[in-house]
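So the chains spell out like this:
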Amino acid sequence: VSTMNAKASSGGEEESSGMSSEVLGESGFLGEAKRGRVIRVAYVIAALDLTFLFMQMGVMPYLGKSLGLDSVGFGYLQTLFGVLQLVGGYIFGRFADKFGARAALILSCVSGSIFFLLMSLSTSIPLLFLSRLPAVFMHGIPGAQKVITDMTPPSKRAGALGKLGLCFGVGIISGSALGGVLSTKFSVYVPAYVGLVGSLINTLIAMVWIPSQTKPKPDHHVKEHSDLFSIREIVRLMKFPGVMEVFIVKVFAGLPIGLFMIMFSIISMDFFGLEAVESGYLMSYFGVLQMVVQGLVVGKLASHCTEMTLLRLSVFVFAGVGLGMALMRTVWHYCIIAVPLVFAFSMLATITDSILTKAVPSSDTGAMLGICASVQPLTRTVGPTIGGVLYKQFGVSSFGYLQLMVNLGLFVYLLKSKIPLEEMKSQ
């Protein structure tokens, strides 16, 4: 965030880029080597958290079916999970700002442990629904993002956040595989047992390896906001220069493809004619693409291009993906389209998170990450209804045409608008 914006928002707060490099390094708060080690620990926690999450996602339909839950009831279960994540995202972010990234990560891991404990005890449908409640505070990725945001200077933030894509790839590949193997060879409850033990281990890792203070104490001029949930606070953050514009792009650019992914399990069966095993292979393919793109490509581009340039690029590629989706007819077409799709999706998520955390004071980065983390739960909440109507009335191509029109409009908007953001790239 620029010096002018920072001073305006905090009444004299230093520029966050100088603060990150000078205060953390020269003051001896945390040396460069220790900061790197803490960031790597955050990556490990995120990878394990995603592995356990994808493990239960793969098993949940079978567990629900064994308890007599029909497709409508399963939809309600997924909607409940999405609503809880949506409500909890901002509260979790404010909690991280108030009590620190370490406390937030521990809260997420403990909530995960309770989640898997209740899941392992779910011998009836009411208990299965009850097991979703801890999901309100299960936000491992935003917790890891908060650690990384505190530990990195703004010019290197996009690359560091992009490497979380490696964690996502590891999680989706290992979690899907482990969930299938454990539930097939043993029981549908075994993945829950593994998730419980793993979440407890994650809690210990966070307690031991994440320092209690991951950023310098804020300047005494910076106003502390005590409310964990306040609409007024969300409005206040959206009023910072450029925040509302970038957030609108973040929400709408990925919405059509989000609707498509929600309907993907049905599309893969009806449109592509895939069996369950083949769908699993396709998900693993996506995981590998995610690892390559976010682990190797995003960081490289972020070090050579301004973030606004990369934001425009991701929206433009998304428009091209929409055209490809409108014309695709086979699963092989989709495998080809998946390459630019994953690139655009990863770039959009990483760059918008980086821009938005730099556009607000350092005391509000957790809240901003919480708001960003609520985008996907919002899509999961409204997506089944909207996606179902689109698919039933207009077919698969409708997702592509919607993607094309929305992102072409956003691309023209980004070209013509003067969003007041500092153009930054790594040195």
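That block above? That's the structure.
Notes on the structure in this doc start here. All residue numbers refer to position in the chain's written sequence, counted from 1. Only residues with pLDDT of at least 70 are given local features in this predicted model, and only at 80 or more are side-chain atom pairs given and counted; all residues enter the totals for whole chains, interfaces and linings. Computation of side-chain values covers all heavy atoms of the structure but excludes hydrogens and water.

Quick look at the layout of surface pockets
Using protein atoms alone on a 1 Å grid, points that fit a 1.4 Å probe yet trap it form a cavity, whereas open point sets bounded by protein on both sides within 12 Å along at least five of seven lines form a pocket; residues with an atom within 4 Å of a point count as lining. Grid points are joined across faces, edges and corners, and a volume is the space filled by probe spheres set on the points. Taken as a whole, the second largest pocket encloses approximately 500 Å³ of empty space. Lining the second largest pocket are 22 residues, and of these Ile-39, Thr-152, Lys-156, Ala-160 and Lys-163 sit closest to its centre. Under the scheme used here, helices are H or I runs from DSSP no shorter than 4 residues and strands are E runs no shorter than 2 residues, and both carry numbers assigned from the N terminus. Of all elements in the fold, only α3 (32-66), α8 (154-162) and α14 (276-302) reach the threshold of two or more residues within the lining of the second largest pocket. Amino acids are sorted into nonpolar (Ala, Val, Leu, Ile, Met, Phe, Trp, Tyr, Cys and Pro), charged (Asp, Glu, Lys and Arg) and polar (every other residue, Gly among them). Across the lining of the second largest pocket, the residue classes break down as seven nonpolar, nine polar and six charged. Looking at which domains feed residues into the lining of the second largest pocket, each of domain 1 (32-214) and domain 2 (230-420) supplies at least three. For the domains described, the bounds stem from an automatic or database domain assignment.

Considering the pattern of salt bridges
Here, a salt bridge means any Lys or Arg side-chain nitrogen found within 4 Å of an Asp or Glu carboxyl oxygen. For the structure on display, the rule yields seven salt bridges. For Asp-97, the salt bridge goes to Lys-146, with nearest N and O atoms at 3.1 Å. Note that Asp-97 is positioned in helix α4 (residues 71-99) and Lys-146 in helix α7 (residues 140-151), a separation of 49 residues in sequence. Considered together, Asp-97 and Lys-146 belong to a single accessibility category, that of buried residues. For Asp-364, the salt bridge is made with Arg-236, and the minimal N-O distance between the two is 2.9 Å. Remark: Arg-236 occurs in helix α11 (residues 231-238) and Asp-364 occurs in the loop between α16 (331-358) and α17 (365-373); sequence separation between them is 128 residues. Only protein chains enter the accessibility calculation, which uses a 1.4 Å probe; a residue is then buried when its area is under 20% of its type maximum, exposed when over 50%, and partly exposed in between.

Remarks on a nonpolar patch on the surface
Side chains of Leu-204, Met-207, Val-208 and Trp-209 sit close together on the surface and give an oily, nonpolar patch of about 440 Å² of accessible area. Looking at the element boundaries, Trp-209 is found in helix α10 (residues 190-209). Distance thresholds for patches are 9 Å for like charges and 5 Å for nonpolar side chains (Val, Leu, Ile, Met, Phe, Trp, Tyr), applied to residues having over 30% relative accessible area and no salt bridge. Surface accessibility in these figures is a Shrake-Rupley result with a 1.4 Å probe; residues are shielded only by whichever protein chains are displayed.

Overview of the nonpolar core
Across soluble globular proteins, nonpolar side chains show a tendency to be buried alongside one another. Among the nonpolar cores identified, the biggest contains 63 residues, and Phe-260, Tyr-334 and Phe-399 are the most heavily contacted of them. If one sorts the elements of this core by residue count, α16 sits on top with 14 residues. Should any heavy atoms of two residues lie within 4.5 Å, those residues are counted as being in contact. Excluding its chain neighbours within four sequence positions, the residues that come into contact with Tyr-334 are Phe-260, Met-261, Phe-264, Phe-272, Leu-282, Phe-286, Met-328 and Leu-341. As used here, the term nonpolar core means buried Ala, Val, Leu, Ile, Met, Phe, Trp, Tyr and Cys residues forming a set that is joined through side-chain atoms within 4.5 Å.

Overview of α16
The end-to-end C-alpha separation of α16 is 40 Å, in line with the 40 Å expected for 28 residues at 1.5 Å each. The seven residues ending at a residue and the seven starting there each receive a fitted axis; the angle between those axes is the bend at that residue. A bend of about 35° at Ala-338 is the largest found in α16, and the proline Pro-340 appears one to four places after it. Most of α16 is tucked away, with 21 of its 28 residues classed as buried. For a helix, the expected span equals 1.5 Å multiplied by the number of residues minus one.

A short note on the packing of α3 against α10
Packed helix pairs are specified by the crossing angle of their axes together with the interaxial distance, meaning the distance between the axes. Look at α3 against α10: their axes get within 10 Å of each other, and the N-to-C directions meet at 165°. The angle between α3 and α10 places the two elements in the roughly antiparallel class. For the pair α3 and α10, the sense of crossing is left-handed. Counting all contacts with α3, which are made through Arg-37, Val-38, Val-41, Ile-45, Leu-48, Asp-49, Phe-52, Met-55 and Val-59, the residues of α10 involved are Pro-191, Val-194, Gly-195, Gly-198, Ser-199, Asn-202, Ile-205, Ala-206 and Trp-209. In the contact of α3 with α10, the residues fall into 12 nonpolar, four polar and two charged. The angle between two axes is taken between their N-to-C directions and runs from 0 to 180 degrees, where each axis is a line fitted to C-alpha atoms and a helix contributes only its stretch in contact. Roughly parallel covers angles under 35 degrees, roughly antiparallel covers those over 145, roughly perpendicular covers 65 to 115, and oblique covers all other angles. Rotating anticlockwise by less than a right angle from the far helix to the near helix defines a left-handed crossing, while the corresponding clockwise rotation defines a right-handed one.

Considerations on the packing of aromatic side chains
Any two of the Phe, Tyr and Trp rings considered here, Trp counted by its six-membered ring, make a pair once their centres fall within 6.5 Å; the pair's planes then place it as stacked at under 30 degrees, edge-to-face at over 60, or tilted in between. Following the criterion strictly, the structure yields 11 aromatic pairs and no others. Geometrically, the ring pair formed by Phe-286 and Tyr-334 is tilted, given 5.7 Å between the ring centres and 40° between the ring planes. Within this pair, whereas Phe-286 is found in helix α14, its partner Tyr-334 is found in helix α16, the two being separated by 48 residues in sequence. Looking at Phe-286, the relative accessible area reads 10%, which means it is buried. Given a relative accessible area of 0%, Tyr-334 falls into the buried group. Taking NZ or CZ as reference, Lys-98 lies 5.8 Å from the ring centre of Phe-99, over its face. Definition used: whenever NZ (Lys) or CZ (Arg) falls within 6 Å of the ring centre and also within 35 degrees of the ring normal, the charge is taken to sit over that ring.

Section: the environment of Met-291
Topologically, Met-291 is positioned in helix α14. Since its relative accessible area comes to 24%, Met-291 is described here as partly exposed. For the pair Met-291 and Gly-169, spaced 122 residues apart in the sequence, the C-alpha separation amounts to 4.9 Å. For Met-291, the residues in contact, after removing those within four places along its chain, are Gly-165, Leu-166, Gly-169, Val-170, Ile-173 and Leu-296.

A look at the environment of Ala-177
Tracing the backbone shows Ala-177 in helix α9 (residues 164-185). The exposure class of Ala-177 is partly exposed, given its relative accessible area of 44%. Spatially, the C-alpha atom of Ala-177 lies 7.6 Å from that of Met-55, the residues being 122 residues apart in sequence.

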